[in-house]
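# Descriptive analysis of the structure
Single-letter residue listing:
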Amino acid sequence: MTELLQTILLRVTLAGIASAVALRLVGNGALREIVKMAAGLLLMLALLQPLSGLHLLSWEGWGLSPPDVDAIGEQNTQTTMSTIAATIARAVEQRAEQEGFDCSVSVTMANDADGVLQVDRVTVHYGGADAARLDELQTLLTEECGVPADRQELIAK
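Below: a short report on this structure. Here the structure is a predicted model, which means the values were calculated and not measured.

## Description of the pairing of strand 2 (residues 117–126)
- Two elements, strand 1 (residues 103–111) and strand 2, share nine bridges in a ladder whose sense is antiparallel. Its bridge partner lying in strand 2, Val 107 is registered against Val 122.
- Hairpin connection of strand 1 to strand 2: five residues between the antiparallel strands, including Gly 115 at a positive phi of 85°.
- Inspection of the sheet shows strand 2 paired to strand 3 (residues 152–156) by five bridges, in the parallel sense. Looking at the pairing, His 125 lines up with Ile 155 of strand 3.

Below, the structure is given as structure tokens:
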């Protein structure tokens, strides 16, 4: 039990440090609210993930078997990914609107090789009047959202 508490304390501390650094790097930009939400999710994950290894309850009588629990976990992961993607897309659309762009944005999320959740692809459908300002739109996506140009897709409406 002491090992479990040490693991939880270490993970929460590391998640807190990572969250503080991320919030410090973002400053007061449009991504601050997204980073706050991601930091909260990271802290919750750091707290709850070590507890998932405990087998204090018997699955008999609950109507769930371990494979069902795995499926529920996968469904929760997908729900989290889609919620974060929608939040990022909404923030990017608002920021682009502030710069005078008429566009709609969709974001897909994926885990990288280390299992860290990241923006996989950003697709922007822009209006015809914005075609002359595509470089400016790409710069906005790269600088404010941290999405490299190779993971950006710009499509005319």
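## Points about a nonpolar patch on the surface
- A surface patch of nonpolar side chains, amounting to about 520 Å² of accessible area, comprises Leu 10, Leu 14, Ile 17, Val 21 and Leu 25.
- Note on placement: Val 21 falls in helix 1 (residues 2–26).

## Brief notes about the nonpolar core
- Ile 88, Val 105, Val 107, Met 109 and Val 122 are the most contacted members of the largest nonpolar core, which totals 23 residues.
- Taken together, the elements giving at least two residues each to this core come down to helix 3 (66–98), strand 1, strand 2 and helix 4 (134–145).
- Counting residues per element, this core draws most heavily on helix 3, at eight residues.
- Non-local contacts of Met 109, meaning those with residues more than four positions away in its chain, are made with Met 81, Ile 84, Ala 85, Ile 88, Leu 117, Gln 118, Val 119 and Asp 120.

## Some points on the pattern of salt bridges
- Tallying each qualifying case throughout the model produces five salt bridges.
- Lys 36 is the salt-bridge partner of Glu 33, the closest N and O atoms lying 3.7 Å from each other. Separated by three residues within a single helix, Glu 33 and Lys 36 lie in helix 2 (residues 32–48), roughly one turn from each other.
- We classify Glu 33 as exposed; its relative accessible area is 54%.
- Its relative accessible area of 40% is what places Lys 36 among the partly exposed residues.
- A salt bridge links Arg 95 to Glu 99; its shortest N-O distance comes to 2.6 Å.
- Judged by its relative accessible area of 18%, Arg 95 falls in the buried class.

## Some words on the sheet that holds strand 1
- Reading across the sheet, the three strands line up as 1-2-3 and stay open at both edges, with mixed pairing between neighbours. Each end of this open sheet is capped by a strand with a single partner; those strands are strand 1 and strand 3. Sheet twist, expressed as the mean angle between neighbouring strand axes with direction ignored, is 20°.
- This element, helix 4, spans strand 2 and strand 3 of the sheet and lies at about 145° to strand 3.

## Regarding the side chain of Asp 130
- With respect to the secondary-structure elements, Asp 130 resides in the loop between strand 2 and helix 4.
- Nearest to the buried, unbridged Asp 130 among oppositely charged side chains is Arg 133, at 4.3 Å.
- One polar contact links the side chain of Asp 130 to the main-chain amide nitrogen of Asp 102, over a distance of 2.8 Å.
- Residues within four places of Asp 130 in sequence aside, it is in contact with Gly 100, Phe 101 and Asp 102.

Conventions we followed
Throughout this description, residue numbers start from 1 for each chain and increase along the sequence as written. For a predicted model such as this one, the threshold for reporting local features is a pLDDT of at least 70, and the threshold for listing and counting side-chain atom pairs is 80 or more; totals across whole chains, interfaces and linings nevertheless cover every residue. To obtain the side-chain values, all non-hydrogen atoms of the structure were used and water was disregarded. The pairing criterion is simple: DSSP has to find at least two bridges between the two strands. Only runs of H or I of at least four residues qualify as helices and only runs of E of at least two qualify as strands under DSSP, and these elements are numbered from the N terminus. Exposure above 30% relative accessible area and no salt bridge define the residues that can form patches, which grow by joining like charges within 9 Å and nonpolar side chains of Val, Leu, Ile, Met, Phe, Trp and Tyr within 5 Å. Accessibility throughout is a Shrake-Rupley quantity obtained with a 1.4 Å probe, and a residue counts as covered only by protein chains that appear here. Whenever a carboxyl oxygen of Asp or Glu lies within 4 Å of a side-chain nitrogen of Lys or Arg, that contact is scored as a salt bridge. Each nonpolar core is a collection of buried residues, namely Ala, Val, Leu, Ile, Met, Phe, Trp, Tyr and Cys, held together in the definition by side-chain atoms within 4.5 Å. Burial classification: accessible surface area is computed with a 1.4 Å probe over protein chains only, and a residue below 20% of its type maximum counts as buried, one above 50% as exposed, and the rest as partly exposed. What makes two residues a contact is simply this: any of their non-hydrogen atoms within 4.5 Å. To obtain an axis, a line is fitted to C-alpha atoms, over the contacting stretch when the element is a helix, and the angle between two such axes runs from 0 to 180 degrees between their N-to-C directions. Charge assignment: positive for Lys and Arg, negative for Asp and Glu; neither His nor the chain ends contribute. Pairing of N or O atoms within 3.5 Å defines a polar contact, subject to two protein rules: one partner must be a possible hydrogen donor and the other a possible acceptor, and residues neighboring in sequence count only if both atoms are side-chain atoms.

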